[in-house]
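Close look at the chain arrangement
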Amino acid sequence: MKDIEKMIPVKVESLLDLVKMAAILSVPHGAAYIIRFKLSNGKIVLGTLSLLKDYYKYYGLPVFYYVVLSGEQAKNAGEARYIILATDTDTVSFSKEPRPGRSIPIITWSEKPVFIPDLE
């Protein structure tokens, strides 16, 4: 599996930016999700997978949009099963169950897959 091509990692500025990206990417398909895995240093990575669209010859490149969390935010993210986007206030919160707003499920991977390059 050494020869496997890796996704292009794109670190976003904030958790809110990541959740908005996941919501936007889900529009044509109707399904959004956030992927979660731990780094060896204990930090939590939240991300979403996509393909780069409409950019000349780079159409179809696999992209992993992500944010790295630590401290209290990582603890909250590690215990949650959903990220809630409150569209009326443009805020994000973690939850163990769906709530009003845009509830995006969190899918936990046991480890970082080989197709995502090293982060941070």
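Provided above is the structure to which this section pertains.
A brief look at the structure comes next. Everything numeric in this text was worked out from a predicted model, so none of it was measured.

**Quick word on the overall build of the protein chain**
Secondary structure assignment for the protein chain yields two helices and seven strands. Seen in sequence order, the protein chain has helices and strands lined up from the N terminus as β-α-β-β-β-α-β-β-β. In terms of overall dimensions, the protein chain is globule-like: its C-alpha atoms have a radius of gyration of 14 Å, near the 14 Å expected for 120 residues. Out of the 120 residues belonging to the protein chain, those deemed buried represent 35%. Accessible surface, the protein chain as shown: approximately 7500 Å² in total, 54% of it carbon and sulfur. Seen as two clouds, the 15 positive and the 13 negative side-chain charges of the protein chain have centres 3 Å apart.

**Re the pairing of strand β6 (residues 91-95)**
Sheet topology places strand β5 (residues 82-86) next to β6; five bridges connect them, and they run antiparallel. Across the sheet, the residue bridging to Ile84 is Ser93, located in β6. Hairpin connection of β5 to β6: four residues between the antiparallel strands, including Asp90 at a positive phi of 55°.

**Notes on the pattern of salt bridges**
As enumerated under the stated definition, the model contains three salt bridges in all. The partner of Glu79 in a salt bridge is Lys75, and the shortest N-O contact between them spans 3.3 Å. Taken as a pair, Glu79 and Lys75 lie in helix α2 (residues 71-79) at a separation of four residues, close to a single helical turn. Between Asp118 and Lys112 there is a salt bridge, with its nearest N and O atoms 3.6 Å apart. Using a relative accessible area of 69% as the deciding quantity, one classes Asp118 as exposed. Classification of Lys112 as partly exposed rests on a relative accessible area of 23%.

Parameters and conventions
Residues numbered from 1 in each chain as written. Predicted model: local features only at pLDDT ≥ 70, side-chain atom pairs only at ≥ 80, totals over all residues. Heavy atoms only, no water. Helix = DSSP H or I, 4+ residues; strand = E, 2+ residues; numbered from the N terminus. Rg over C-alpha atoms; globule rule 2.2 N^0.38 Å. Buried < 20%, exposed > 50% of the residue type's maximum accessible area, 1.4 Å probe, protein only. Areas by Shrake-Rupley, 256 points an atom, 1.4 Å probe, with all protein chains shown as cover. Lys, Arg positive; Asp, Glu negative; His and termini not counted. Charge placed at Lys NZ, Arg CZ, Asp CG, Glu CD. Pairing = 2+ DSSP bridges. Salt bridge = Lys/Arg side-chain N within 4 Å of Asp/Glu carboxyl O.

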